[in-house]
Amino acid sequence: MLKIIIPTIMLIPLTWMSKPNMIWINTTTYGLLISLISLFYLNQPNDNTLNSSLMFFSDSLSAPLLALTTWLLPLMLMASQHHLSKEPLTRKKLYISMLILLQLFLIMTFTASELIFFYILFEATLIPTLIIITRWGNQTERLNAGLYFLFYTLMGSLPLLVALLYIHNFMGSLNFLMIQYWIQPLPNSWSNIFLWLACMMAFMVKMPLYGLHLWLPKAHVEAPIAGSMVLAAVLLKLGGYGMMRITTLLNPLTNFMAYPFMMLSLWGMIMTSSICLRQTDLKSLIAYSSVSHMALVIVAVLIQTPCSYMGATALMIAHGLTSSMLFCLANSNYERIHSRTMILARGLQTLLPLMAAWWLLASLTNLALPPTINLIGELFVVMSSFSWSNITIILMGINITITALYSLYMLITTQRGKYSHHIKNIKPSFTRENALMTLHLLPLLLLSLNPKIILGPIY
Amino acid sequence: MKPPILIIIMATIMTGTMIVMLSSHWLLIWIGFEMNMLAIIPILMKKYNPRAMEASTKYFLTQATASMLLMMGVTINLLYSGQWVVSKISNPIASIMMTTALTMKLGLSPFHFWVPEVTQGITLMSGMILLTWQKIAPMSILYQISPSINTNLLMLMALTSVLVGGWGGLNQTQLRKIMAYSSIAHMGWMAAIITYNPTMMVLNLTLYILMTLSTFMLFMLNSSTTTLSLSHMWNKFPLITSMILILMLSLGGLPPLSGFIPKWMIIQELTKNNMIIIPTLMAITALLNLYFYLRLTYSTALTMFPSTNNMKMKWQFEYTKKATLLPPLIITSTMLLPLTPMLSVLD
């Protein structure tokens, strides 16, 4: 694993010592090379995990997420070039260093093999994200957004620390590989209920669960583009990944404790999808759509069947790429008109046809069109929730319909119809932006040819 | 203050603490405390304003009362054990008296009322000595009598200190008061673990001293005592604003900075002793602390305060303030987390 970690650390001196006109080129290129290395881990032989060392390992759950994380860094750098072009050089380098530091912590989180190590890095990802949101966001609400983000996550994760230390004491070790063999069933009692809650709430806040999702629209909307991309694509998946890891310790109590969270998620996904239909703010729409998709992942993880785990993993990767792409598209609008209001920039298809093609493809993947991996993920989750309880099919069906509705609403409002008067003199799409969209879309479409990679350890 | 006098006074302060730490006779410990207290009064009164006089008077009164209470406990111990050596204290009354006296010296709740007022009335340098060096002596005595301390009393004091330290600091804009409430909260964390694993208390004390020293030195560089003056630092010393950011996050106990180490270790020791609710409560209350540190970093490093046009192009003079050992202090206060496995040498 050091072959990914050390190059990522070395990206920081690369930023600080490059020539001023080469900082973006150097970091993006070497970021892409690092993502090539991470692709090697996708080759998982026979059901076993690849153990690199005492502290790091990668299995078919963490390898796709690792590949997503390393793929996202060059994309974030490409997306940030425009809005940082007017800043002084030191601030540009600081921004890039924050992104690289965040990348480093994320890589280590996804490959950590010990739960306390995972916890420390899970918390560590908060600091660069906080700095990116509060320092480089654009509106005054970003201070509040940073506070909500930090404190919601910390309130959830401090009980997790106590619970992990308790489990460590109880079981002797918290190494993933060993703990699989030492698990004892967790019976139903008050103290075990609190243990379950302490373990899961941190990830529920991170996902986010419907009742605790208040930080997400604030943070996503106020963050600069790279912050939004990494929040939507990777940081939310940390919650899903953590939940999948820690539910191995919490059986069979999960069958009992899952009900309130299942209900919140099932109801919440419909609620947040419906709110999307009434949004005027484009980024806010995409943020609520993230909550809705993640609610599906929560349902899948809490059901705990092989089918649902496959669906959850596929959905996480698919949503990561789709959501990030939607934020990039929203940002391309924002950079031209400096406003996030959807109706201000209408009818873009006549002015920027290629961008309209990317908008179309992104909206289609967002609404889970076959044969994309979004569909595979959602379909597996719907199937497994149907087998868990027949009635959920109604809620799932309503959710899929409303998802289609708001995705197409977003598409039609921004792209179709007559253009608004004042956008006739916007700049045409940059090649950088088109390359960005392609790099998001190409993995998404190619994965539909071989979804086995992202279906997780159960496949 | 003239240099020879300053040297003698500083030497007395250090000798006082050394006598407390190194002696095994209770009378000498009391002598050490008194030496320390009498010598630090001129340091607290470096500026001749009524605020400083009031602060030194309050400090003198609380510390003298605490020393007398300690002497009372020592005498009761003499009565029941017949000797003056510092060892396990068999009589519970003596132990409670000594614990109360020492927590009064430290500024643990409910004896915390003097800390913000005294810290506010004195200069930054004196405040630094007050909040770091003065904590060493009482802590060392608590370490030595730790087997015989009443756990319930100390745990109650610790919990209330963390709560007071968190809530008290929320409404403050004066930096010295913020650091005073931070000191109360950290002392609370230290007191919670003394009866279970005194070594972790020493770890926490060391890291707390390092972090507080760094913070005070950064404040002294800019001679800033209010949040407002700290918010002007982006103009003069932009690098220091990043340092304050990291240091404040470390004081708040965020991983992966060193401020997380004591919290992690203390929660680990407490859960090993089957206490689950108390560390959870302490950890969540520490978030209040984090809030006002974060507010400081917001005004210093992460936003730019509305300032006049004059401010934006300040003439850059050469640095003349001395910040002794600042880089190593900052590095140890923020980057020690990967070295945590080295704690196993303490076993």
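Computed from a prediction, not measured in an experiment: that's the story for all the values here.

Turning our attention to the overall build of chain B. Each helix and strand in chain B was counted, giving 15 helices and zero strands. With the C-alpha coordinates of chain B rotated into their principal frame, the extents come out at 70 × 50 × 35 Å. Split into buried and exposed, the 347 residues of chain B put 58% on the buried side. Counting contacts in chain B only where the partners sit at least 6 residues apart, residues at least 24 apart contribute 78% of the total. Just so you have it, chain B exposes about 14500 Å², and 71% of that area is on carbon and sulfur atoms. Positive and negative charge centroids in chain B, built from 18 and 6 side chains respectively, lie 10 Å apart.

Here the focus is the UniProt feature "domain: NADH:quinone oxidoreductase/Mrp antiporter transmembrane" (unreviewed entry) in chain B. Those places that UniProt annotates as "domain: NADH:quinone oxidoreductase/Mrp antiporter transmembrane" (unreviewed entry) correspond, in this numbering, to residues 23-287 of chain B. Taken end to end, residues 23-287 of chain B comprises 77% helix and 0% strand; its first and last C-alpha atoms sit 39 Å apart.

All names here are of chain B. Turning to its location among the elements, Arg-176 is positioned in helix H8 (residues 175-194). Notably, Arg-176 is buried but unbridged: the nearest opposite-charge side chain belongs to Glu-54, and the N-O separation is 12 Å. Of the polar contacts made by the side chain of Arg-176, one reaches the backbone oxygen of Ile-122; its length is 2.5 Å. Non-local contacts of Arg-176, meaning those with residues more than four positions away in its chain, are made with Thr-119, Gln-120, Ile-122, Thr-123, Leu-124 and Thr-225.

Moving on to the UniProt feature "domain: NADH:quinone oxidoreductase/Mrp antiporter transmembrane" (unreviewed entry) in chain A. In the numbering used here, UniProt assigns the "domain: NADH:quinone oxidoreductase/Mrp antiporter transmembrane" (unreviewed entry) feature to residues 112-401 of chain A. Along residues 112-401 of chain A the backbone is 79% helical and 0% strand, and the end-to-end C-alpha distance reaches 38 Å.

The next subject is the interface of chain B and chain A. Contacts between the two partners involve 25 residues from chain B, matched on the other side by 26 residues from chain A. For the chain B and chain A pair, buried surface summed over both sides reaches about 2500 Å², with 85% attributable to carbon and sulfur atoms. Scanning the region where chain B abuts chain A turns up zero salt bridges. The tally of links from chain B across to chain A stands at two residue pairs in polar contact (both at pLDDT 80 or more). When residues of the side of chain B that touches chain A are traced back to their parent elements, those giving at least two are helix H12 (238-251), helix H13 (260-272) and helix H14 (277-302) of chain B. Among the elements that line the side of chain B that touches chain A, the one with the most residues is H14(B), at ten residues. Its residues placed into classes, the side of chain B that touches chain A shows 20 nonpolar, four polar and one charged.

The next point concerns the UniProt feature "transmembrane region" (unreviewed entry) in chain B. Residue and element names in this part refer to chain B. UniProt annotation of "transmembrane region" (unreviewed entry) refers to residues 5-22, 57-80, 92-115, 151-171, 202-221, 233-254, 274-294 and 323-346 when read in the numbering used here. The distance separating the terminal C-alpha atoms of residues 5-22 is 25 Å; by composition the span is 100% helix and 0% strand. The span residues 274-294 is 86% helical and 0% strand by assignment, and the distance between its end C-alpha atoms comes to 32 Å.

Moving on: helix H6 (residues 126-136) of chain A. With ten of eleven residues buried, H6(A) lies mostly within the body of the structure. Those residues of H6(A) lying buried are A:Leu126, A:Ile127, A:Pro128, A:Thr129, A:Leu130, A:Ile131, A:Ile132, A:Ile133, A:Thr134 and A:Trp136.

Let us now look at the nonpolar core. Counting 279 residues, the largest nonpolar core has A:Ile246, A:Leu302, A:Leu329, B:Trp26, B:Met139 and B:Trp264 as its most contacted members. For this core, the element with the highest residue contribution is helix H13 (residues 282-303) of chain A, accounting for 16 residues. Other than its neighbours up to four places away in sequence, A:Leu329 contacts A:Met355, A:Trp358, A:Trp359, A:Ala362 and A:Met437.

Turning our attention to the state of the cysteines. Summed over the entire model, instances satisfying the criterion amount to zero disulfides over all chains. Its sulfur unpaired, A:Cys276 is 18 Å from the next cysteine sulfur, which belongs to A:Cys328.

Moving on, we get to unusual backbone geometry. With an omega of -5°, the peptide bond running from A:Met207 to A:Pro208 counts as cis. By the element assignment, A:Pro208 lies in the loop between helix H9 (190-206) and helix H10 (215-222). A cis amide bond, omega -5°, links A:Pro370 with the succeeding residue A:Pro371. Summarising the element assignment, A:Pro371 is placed in the loop between helix H16 (353-366) and helix H17 (373-388). Non-glycine residue A:Gln304 carries a positive phi angle of around 65°. Assignment of secondary structure puts A:Gln304 in the loop between H13 and helix H14 (306-337). On the accessibility criterion, A:Gln304 (21% relative accessible area) is partly exposed. One non-glycine residue, B:Leu325, lies in the positive phi region at around 60°. Structurally, the position occupied by B:Leu325 is in the loop between H14 and helix H15 (326-334).

This part takes up the confidence of the model for chain B. In this model, chain B carries a mean pLDDT of 91, and residues with pLDDT of at least 70 account for 97%. For this predicted complex, the interface score ipTM comes out at 0.92, while the overall pTM is 0.93.

Scanning all chains against the criterion turns up six salt bridges over all chains. The partner of A:Asp281 in a salt bridge is A:Arg340, and the shortest N-O contact between them spans 3.1 Å. Note that A:Asp281 is positioned in the loop between helix H12 (253-277) and H13 and A:Arg340 in the loop between H14 and helix H15 (348-351), a separation of 59 residues in sequence. For the residue pair A:Asp281 and A:Arg340, the accessibility class agrees, reading buried in each case. Notably, a salt bridge pairs B:Lys58 with B:Glu117, separated by 2.8 Å at the nearest N-O pair.

Residue and element names in this part refer to chain A. A complete count under the given rule lists 19 aromatic pairs over all chains for this structure. Between Tyr-148 and Tyr-152, the aromatic rings sit 5.8 Å apart at their centres with planes inclined by 20°, giving stacked as the arrangement. On the criterion of helical spacing, the pair formed by Tyr-148 and Tyr-152 is a turn pair, its members being four residues apart in helix H7 (residues 142-171). Their ring planes at 50° and their centres at 5.5 Å tell us that Phe-149 and Trp-215 sit as a pair that is tilted. Of the two residues, Phe-149 is situated in helix H7 and Trp-215 in helix H10; the sequence distance between them amounts to 66 residues. As far as the burial class goes, Phe-149 and Trp-215 line up, both buried. For Lys-206, the ring lying beneath its charged end belongs to Phe-122, and the centroid distance is 5.5 Å.

A few words now on helix H5 (residues 114-121) of chain B. Summarising burial for H5(B): seven of the eight residues are buried, a large majority. Here the buried face of H5(B) lies against helix H3 (50-81), helix H4 (92-106), helix H6 (124-144) and H8 of chain B.

Our next topic: empty space enclosed by the protein. Taken as a whole, this structure holds seven cavities of 30 Å³ or more when the rule is applied. In this structure, the largest cavity occupies an estimated 200 Å³ of space. Residue lining of the largest cavity: 22 residues in total, with A:Asn138, A:Lys283, A:Asn331, A:Tyr334 and A:Arg340 positioned closest to the centre. Elements represented by at least two residues in the lining of the largest cavity include exactly H10, H13 and H14 of chain A. For the lining of the largest cavity, the per-class residue count stands at eleven nonpolar, eight polar and three charged. Lining the second largest cavity are 16 residues, with A:Leu158, B:Gly252, B:Gly253, B:Lys263 and B:Ala283 sitting closest to its centre. Of all the secondary-structure elements, those providing two or more residues to the lining of the second largest cavity are helix H5 (115-124) and H7 of chain A together with H13 and H14 of chain B. Among the elements that make up the lining of the second largest cavity, the one with the highest residue count is H14(B) (four residues). Looking at the lining of the second largest cavity residue by residue, the class counts come to twelve nonpolar, two polar and two charged.

Criteria and thresholds
Residues numbered from 1 in each chain as written. Chains lettered and ligands numbered in written order. Predicted model: local features only at pLDDT ≥ 70, side-chain atom pairs only at ≥ 80, totals over all residues. Heavy atoms only, no water. Helix = DSSP H or I, 4+ residues; strand = E, 2+ residues; numbered from the N terminus. Buried < 20%, exposed > 50% of the residue type's maximum accessible area, 1.4 Å probe, protein only. Contact = heavy atoms within 4.5 Å. Areas by Shrake-Rupley, 256 points an atom, 1.4 Å probe, with all protein chains shown as cover. Lys, Arg positive; Asp, Glu negative; His and termini not counted. Charge placed at Lys NZ, Arg CZ, Asp CG, Glu CD. UniProt positions renumbered as here; feature names shortened; annotations may be inferred. Salt bridge = Lys/Arg side-chain N within 4 Å of Asp/Glu carboxyl O. Polar contact = N/O pair within 3.5 Å; in protein donor to acceptor, adjacent residues only side chain to side chain. Buried area = accessible area lost by both parts, 1.4 Å probe. Nonpolar A, V, L, I, M, F, W, Y, C, P; charged D, E, K, R; others polar. Core = buried A, V, L, I, M, F, W, Y, C linked by side-chain atoms within 4.5 Å. Disulfide = S-S within 2.5 Å. pLDDT = per-residue confidence, 0-100. Phe/Tyr/Trp six-rings, centres within 6.5 Å; stacked < 30°, edge-to-face > 60°. Lys NZ or Arg CZ within 6 Å of the ring centre and 35° of its normal. 1 Å grid on protein atoms, 1.4 Å probe; cavity = no way out; pocket = protein on both sides within 12 Å on 5 of 7 lines; lining within 4 Å. Points joined across faces, edges and corners; volume = space filled by probe spheres on them.

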